[in-house]
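Fold and contact review
So the chains spell out like this:
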14 protein chains.
Amino acid sequence: MDNLGLVGMVSIFTAGLCIGLGAIGPAIGEGLALANAMRALAQQPDKTNTITRTLFVGMALIESTAIYCFVVSMILIFANPFWNHFQQGGA
Amino acid sequence: MDNLGLVGMVSIFTAGLCIGLGAIGPAIGEGLALANAMRALAQQPDKTNTITRTLFVGMALIESTAIYCFVVSMILIFANPFWNHFQQGGA
Amino acid sequence: MDNLGLVGMVSIFTAGLCIGLGAIGPAIGEGLALANAMRALAQQPDKTNTITRTLFVGMALIESTAIYCFVVSMILIFANPFWNHFQQGGA
Amino acid sequence: MDNLGLVGMVSIFTAGLCIGLGAIGPAIGEGLALANAMRALAQQPDKTNTITRTLFVGMALIESTAIYCFVVSMILIFANPFWNHFQQGGA
Amino acid sequence: MDNLGLVGMVSIFTAGLCIGLGAIGPAIGEGLALANAMRALAQQPDKTNTITRTLFVGMALIESTAIYCFVVSMILIFANPFWNHFQQGGA
Amino acid sequence: MDNLGLVGMVSIFTAGLCIGLGAIGPAIGEGLALANAMRALAQQPDKTNTITRTLFVGMALIESTAIYCFVVSMILIFANPFWNHFQQGGA
Amino acid sequence: MDNLGLVGMVSIFTAGLCIGLGAIGPAIGEGLALANAMRALAQQPDKTNTITRTLFVGMALIESTAIYCFVVSMILIFANPFWNHFQQGGA
Amino acid sequence: MDNLGLVGMVSIFTAGLCIGLGAIGPAIGEGLALANAMRALAQQPDKTNTITRTLFVGMALIESTAIYCFVVSMILIFANPFWNHFQQGGA
Amino acid sequence: MDNLGLVGMVSIFTAGLCIGLGAIGPAIGEGLALANAMRALAQQPDKTNTITRTLFVGMALIESTAIYCFVVSMILIFANPFWNHFQQGGA
Amino acid sequence: MDNLGLVGMVSIFTAGLCIGLGAIGPAIGEGLALANAMRALAQQPDKTNTITRTLFVGMALIESTAIYCFVVSMILIFANPFWNHFQQGGA
Amino acid sequence: MDNLGLVGMVSIFTAGLCIGLGAIGPAIGEGLALANAMRALAQQPDKTNTITRTLFVGMALIESTAIYCFVVSMILIFANPFWNHFQQGGA
Amino acid sequence: MDNLGLVGMVSIFTAGLCIGLGAIGPAIGEGLALANAMRALAQQPDKTNTITRTLFVGMALIESTAIYCFVVSMILIFANPFWNHFQQGGA
Amino acid sequence: MDNLGLVGMVSIFTAGLCIGLGAIGPAIGEGLALANAMRALAQQPDKTNTITRTLFVGMALIESTAIYCFVVSMILIFANPFWNHFQQGGA
Amino acid sequence: MDNLGLVGMVSIFTAGLCIGLGAIGPAIGEGLALANAMRALAQQPDKTNTITRTLFVGMALIESTAIYCFVVSMILIFANPFWNHFQQGGA
């Protein structure tokens, strides 16, 4: 259990926990938005373009918080500066 | 309990926890959206095409957060860079 | 408590936890959708075909998140690469 | 506390936890669906056949997530590959 | 604290936890369904037969998830293969 | 702290936890059902017989999940096969 | 810390936890039922007899889950078979 | 830390936890009932006698679950059979 | 860390936890009741006497569960039989 | 870490936890009551005196549960009988 | 890690936890009250004086529970009798 | 790990936990108030001055509970009497 | 693991926890406010200026609680007095 | 496990936890806002410009709390002053 091994293990666990937790909020938030978009479409079917455009721009903004988590997970797995330091012989 | 074994164990546990947690949010979010789509269809049956198209595009966007979790789980099980390092004799 | 035994134990526990947690979200999400489909059928009995078709396509999409969990559980029990490595004499 | 005993204990505990957790979601989801089916029947008693057919197909789909958990529990108790390995003299 | 004793203890604890957790969801789900059946009966007293038949078939389906838990508890207490193995002199 | 003592302690703790947890769900579920039965009686006082008969059959079904827990508690306290094994000199 | 003392301590703790947890559900369930009975009385004051009779029979059924917990607590304190075994010189 | 001291400590802790947890449910349940009784009085002020009589009988029934907890706390503090056993020189 | 000191510490901690937990339920329950009493007064200002009398009798009944907790806290601090036993030289 | 120091530490921690937990319930309960008092004032501005008098008497009753917690905290900090015992040379 | 240091650490941690927990309830309670005051003002703008006077008196009463927590935090930091005792050379 | 270091660490952790927890309540409370102020403005746009004045005075009162937490955090970081004592050579 | 290293680790962990927890409340609170502002705009489109001005001033006030957390995080990372003390050779 | 390794591990874990927790609140908050924006668009389709402009400015303000978390994560991974200190040979 030297530094290299422990940094690897912590990176693996954190990457999974981060995206696992971080997927809950955006998915529920987007679900709420989509659910109300359904109602809005049923109420104003003539404005489909306006509603869906606003919907997808907004959902992309919500999706961005999930993407932050995914980016952190990917950095921790594939571009982890701490892992690189120890792998290259750092003490 | 050398590094290889511990990295393997942490990878297994994280892979399961990540998809296990990450399936809760998207499933509930999609359920909310689908539930309101049902109401919208009952209210505006003439606009079935518009409603279902927006619904499935939106659900695919929500599904993407579950897929992030599934991708991380698969990476941890089948393409784990930390496991590969230690398996190839890394210290 | 060598690596083989520990990897086996962690795989068993993770497989159960993953499907156990992962069944909560999809089941509640599908329940919400089905509940509103009941209301929609009562409100627009003439559109049964449209409503049930959209319902079952949507529920299949929600079910997919439960299936991700089930797939990960099955991989961990029957096609676990870490277990295979250690079972074949890997250090 | 050799590997055989520990694998047995973890299998027992996981089997119970998995079905114990996994029964919560499906039961509540089916309860929501059935509750709204009651309302739908009261509102459109002439469509009993359509409503109950959709209801029971949907509930079977929800029940499937509980069955995934039950299957994993049964595999862990009666067809556990890790237990078999160690019981047949595996190290 | 040999294997036999530990397997016994884990079996006892898991049996209780499994049915204890697993009774929460079905009971609440059935309560929701029964509560709405009351409302449906008050709204359509002429359709008592249809409503109560659908109700009890549905509740039996929900009850099945509680029965899965009860079955696992009974297996763990009275037909536990791990306990049998160790009791018959297995290592 | 030999096996007999530990099995006894675990049995005591599990018996209490099992019925303690298992009483929460049925009680709330029956409360929901009874609460709506009150409303139904106020709305359709002429159908008292139909409503109360359905109510008490349904509540008995919900009560059954509490009884599963009570049965497991009683088995663990008074007919515990693990305790019997060790008490009769089993190793 | 011999077996007798430990069994005593576990019995005390479990008795309190069991009734402490087990009082939450029945009390809330009965509160829900009583709350709706108040509304029903205000809506149909002429049917006081029917409503209160159904109410108190139902509440007795809910109370029974609290009584299960109380019975287990009393058994653990005053008629504990494990305590009796060790107190009479059992090993 | 002999048996006498440990039994005393566990008794103290359990007594407080039991009544502390057990007061939550009844208080909220009675609050719900009383809250709806207020509404009922405002709606049917002529039936004050019927409403308050049913209310206080019902609240006494809810209160009984809090009293079970109080009784167990008092038994554990003042009439604890385990404490008595060890205090009188029991091993 | 002899028995006297440990009993003292456990008593202090339990006294605070007991009243700290036990104040949550009654305060919320009384708040619910008072909130609906406000509405009832606004709806039937002519029945102020009847409403406030029922309100304060009911709140006193809810308050009693908080007082049970306060009594147990006070007993544990000022009239603790376990502390007295050890302080008077009990073993 | 003699008795005096440990009793002091436990007293400090409990005092803070007790009032910290105990402030949550009363504050939310009073907030609910005050919120509905606002509505009542808006609905019956002519009965301001009756409403505010009942409101403040009721809030004082809710406040009393917070005061119980504050009293226990103050006793534990400034009039702690256990601390006094050990400070005066008690063993 | 003598008594003085430990008492200091526990005091720091408790002071922060106490005000951190204790700020949640009052803030939400006051928010509920203020939210309904907004509605009341919109409904009865002619009674602004009566409504805001009752609002601020009530909010001060809710604020008092936060102030209890703040007072305990300040006592623990700046006027801690246990710290003073050990700092002045108490054993 | 002498007293100075430990007091420093506990201060850092508590400062962050205190403001982290303490920001949740006020932010949600203010959000509730602001949300209803929006509705009130939409309902009574002529009374903008009265509504916003009451709103901001009330939000300042809610904000005060967050400021208590911020003050405690700042005291713990920059004016910590325990840190000062040990830093100046106190034992 | 000297003081310097431990203070650094605790500072890192606390900085992340503080802003991680502290972002939940303000984001939900602002979401509630913005959601109702949308409704208000739809109801009174002529008062856009008044509504958005009040909205953004209020949201800035809510944002301030998130900024407190961000400030504490930044202080702990970049201007930590405890870290500075130990880094400059303090004992 | 020297300081460098431990600081690295804590930084990795905190970075993931911080953004994982911090993504929940903003995503749900933005979802609420977007959901109501959908309703507002359906109610006032002529004011699309005003509504979407306010919506996106508000969502950017909510997004800022997620960005605080992302910034802290990035600082901890790529510009961590504690890591730099120890990497450059600091004790």
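As a convention, each chain's residues are numbered from 1 in the sequence order in which they are written. The order in which chains are written sets their letters, starting at A; the order in which ligands are written sets their numbers, starting at 1. Since the coordinates come from a predicted model, pLDDT governs what is reported: local features require at least 70, and pairs of side-chain atoms require 80 or more to be given and counted, while whole-chain, interface and lining totals use all residues. Note that water and hydrogens are dropped before the side-chain values are worked out from all heavy atoms of the structure.

**Quick word on the packing of aromatic side chains**
Pairing of aromatic side chains here covers Phe, Tyr and the six-membered ring of Trp, requires ring centres within 6.5 Å, and sorts the geometry by plane angle: under 30 degrees stacked, over 60 edge-to-face, intermediate tilted. All told, the structure shown has 54 aromatic pairs over all chains when counted by the stated rule. With a centroid separation of 5.9 Å and 75 degrees between ring planes, the pair formed by E:Trp83 and F:Phe86 is classed as edge-to-face. With E:Trp83 in helix H4 (residues 81-87) and F:Phe86 in helix H4 (residues 81-87), the pair connects residues from two separate chains. Residue E:Trp83 shares its accessibility class with F:Phe86, and that shared class is buried. Pairing H:Phe13 with I:Phe13 gives two aromatic rings, centres 6.5 Å apart and planes at 10 degrees, and the pair type is stacked. Pair noted here: H:Phe13 is in helix H1 (residues 3-22) and I:Phe13 is in helix H1 (residues 3-22), and the two residues belong to different chains. Taking relative accessible area as the criterion, I:Phe13 reaches 25% and is therefore assigned partly exposed. Through successive ring pairs, a cluster of aromatic residues spans B:Phe13, C:Phe13, D:Phe13, E:Phe13, F:Phe13, G:Phe13, H:Phe13 and I:Phe13. A helix here means a DSSP run of H or I that spans at least four residues, while a strand means a run of E at least two residues long, and both kinds are numbered starting from the N terminus. Relative accessibility under 20% of the residue-type maximum defines a buried residue, over 50% an exposed one, and the middle range a partly exposed one, all with a 1.4 Å probe and only protein chains included.

**Concerning the UniProt feature "domain: V-ATPase proteolipid subunit C-like" (unreviewed entry) in chain A**
UniProt positions are given in the numbering used here, feature names are shortened, and annotations may be inferred rather than shown by experiment. Here, the residues flagged by UniProt with the feature "domain: V-ATPase proteolipid subunit C-like" (unreviewed entry) are residues 13-76 of chain A. For residues 13-76 of chain A, the helix share is 92%, the strand share is 0%, and the end-to-end C-alpha distance is 10 Å.

**So, the interface of chain B and chain C**
Contact between two residues is taken to exist if any of their heavy atoms lie within 4.5 Å; hydrogens are not considered. Opposite the 44 residues of chain B that make contact, chain C presents 46 residues. Accessible area, probed at 1.4 Å, shrinks when two parts are joined; the buried area is that loss added up over both. Here chain B meets chain C over a buried area of about 3900 Å², counting both sides, of which 80% is carbon and sulfur. Any carboxyl oxygen of Asp or Glu that lies within 4 Å of a side-chain nitrogen of Lys or Arg is treated as forming a salt bridge with it. Linking chain B with chain C are 0 salt bridges. Pairing of N or O atoms within 3.5 Å defines a polar contact, subject to two protein rules: one partner must be a possible hydrogen donor and the other a possible acceptor, and residues neighboring in sequence count only if both atoms are side-chain atoms. Counting every contact that joins chain B to chain C gives 5 residue pairs in polar contact (both at pLDDT 80 or more).

**Comments concerning the UniProt feature "transmembrane region" (unreviewed entry) in chain A**
Residue and element names in this part refer to chain A. The UniProt record annotates "transmembrane region" (unreviewed entry) at residues 6-34 and 55-79. When the span residues 6-34 is considered, its composition is 97% helix and 0% strand, and the gap between its end C-alpha atoms is 42 Å. With 96% helix and 0% strand, residues 55-79 has its two end C-alpha atoms placed 34 Å apart.

**Structural notes on the interface of chain B and chain A**
Residue-level contacts link 46 residues of chain B with 44 residues of chain A. For the pairing of chain B and chain A, the buried interface totals around 3900 Å² over both sides, and the portion due to carbon and sulfur atoms is 80%. Taken together, the connections running from chain B to chain A amount to 0 salt bridges. Scanning the region where chain B abuts chain A turns up 5 residue pairs in polar contact (both at pLDDT 80 or more).

**A look at the packing of helix H1 (residues 3-22) of chain J against helix H3 (residues 48-78) of chain J**
Residues and elements named next belong to chain J. Every axis corresponds to a line fitted to the C-alpha atoms, with the helix fit spanning only the stretch in contact, and the corresponding angles, defined between N-to-C directions, vary from 0 to 180 degrees. Here H1 crosses H3 at 170 degrees, and the two axes come no closer than 9 Å. One way to sum up the angle between H1 and H3 is to call them roughly antiparallel. Across the interface between the two elements, Ser11, Thr14, Ala15, Cys18, Ile19 and Gly22 from H1 touch Ala66, Cys69, Phe70, Val72, Ser73, Leu76 and Ile77 from H3. For this classification, Asp, Glu, Lys and Arg are treated as charged, while Ala, Val, Leu, Ile, Met, Phe, Trp, Tyr, Cys and Pro are nonpolar and the rest, including Gly, are polar. When the residues that make up the contact of H1 with H3 are grouped by side-chain class, the tally is 9 nonpolar, 4 polar and no charged. Our angle categories are set so that under 35 degrees counts as roughly parallel, over 145 as roughly antiparallel, 65 to 115 as roughly perpendicular, and the remainder as oblique.

**Structural notes on the packing of helix H1 (residues 3-22) of chain F against helix H1 (residues 3-22) of chain G**
A packed helix pair is summarised by two numbers, namely the angle formed by the two axes and the spacing between the axes. Contact geometry of H1(F) with H1(G) gives a least axis separation of 8 Å together with a crossing angle of 5 degrees. The pairing of H1(F) with H1(G) is recorded here as roughly parallel in orientation. Contacts between H1(F) and H1(G) involve F:Gly5, F:Met9, F:Ile12, F:Phe13, F:Gly16, F:Leu17, F:Ile19 and F:Gly20 on the former and, on the latter, G:Asn3, G:Leu6, G:Val7, G:Val10, G:Ser11, G:Phe13, G:Thr14, G:Leu17, G:Cys18, G:Leu21 and G:Gly22. For the contact of H1(F) with H1(G), the residue count by class is 12 nonpolar, 7 polar and no charged.

**Some remarks on helix H1 (residues 3-22) of chain N**
Helices are assigned an expected span. That span is 1.5 Å times one less than the residue count. Compared with an ideal rise of 1.5 Å per residue, which puts 20 residues at 28 Å, H1(N) spans 27 Å between its outermost C-alpha atoms and is within 8% of the ideal. Burial runs high along H1(N): 19 of the 20 residues are buried.

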